Amino acid sequence: MGEMLGLTENAGDYESWLNEVKDALASINMPFEGWQGIWAYDFRQEFDGGTKANEAALKANKFWWHEQNKAIGQDCQKTPNCWLPRDHRGECQRM
Ligand SMILES: [Zn+2]
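Further remarks concern the nonpolar core. Among the nonpolar cores identified, the biggest contains nine residues, and these are V21, A24, L25, Y41, F43, A53, A56, A57 and A60. Of all the secondary structure elements, the ones that give two or more residues to this core are α1 (11–27) and α4 (53–71). The greatest single-element share of this core, amounting to four residues, is contributed by α4. When sequence neighbours within four positions are dropped, the list of residues in contact with A57 reads V21, A24 and L25.

Below you can see the structure in the form of structure tokens.
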């Protein structure tokens, strides 16, 4: 295939990217270790898709909130895939 726009990846790239994700999650009090073990988010896919670490952390944050809301029967009923809790204020926010 030759070179594909410098997108050669290796395990080290993913690991350092994931460390950035973990830092970002820690900074918003959503520790990776605590949540990923319950509801696994597909970080690998985000990495492969070129998502920035910060964005991936925010997406995982929404995913985990949504999963938790569903688990306790408190997910928003107005819009499918809205990650906010039931009867939240303001506009719905799709994931
Ligand atoms: Zn909503």
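From this point, the discussion proceeds with the structure in view.
Moving on, we come to unusual backbone geometry. Non-glycine residue N81 carries a positive phi angle of around 70°. Position of N81 relative to the elements: it lies in the segment after α4. Residue N81 is classed as exposed on the basis of its 12 C-beta neighbours within 10 Å. In this structure, D87 takes a positive phi of about 60° despite not being glycine. Within the secondary structure layout, D87 lies in the segment after α4. Judged by local crowding, D87 falls into the exposed class, with 9 C-beta atoms found within 10 Å.

Criteria and cut-off values
- Residues numbered from 1 in each chain as written.
- Predicted model: local features only at pLDDT ≥ 70, side-chain atom pairs only at ≥ 80, totals over all residues.
- Core = buried A, V, L, I, M, F, W, Y, C linked by C-beta atoms within 7 Å.
- Buried ≥ 20, exposed ≤ 12 C-beta atoms within 10 Å, placed from the backbone.
- Helix = DSSP H or I, 4+ residues; strand = E, 2+ residues; numbered from the N terminus.
- Contact = placed C-beta atoms within 7 Å.

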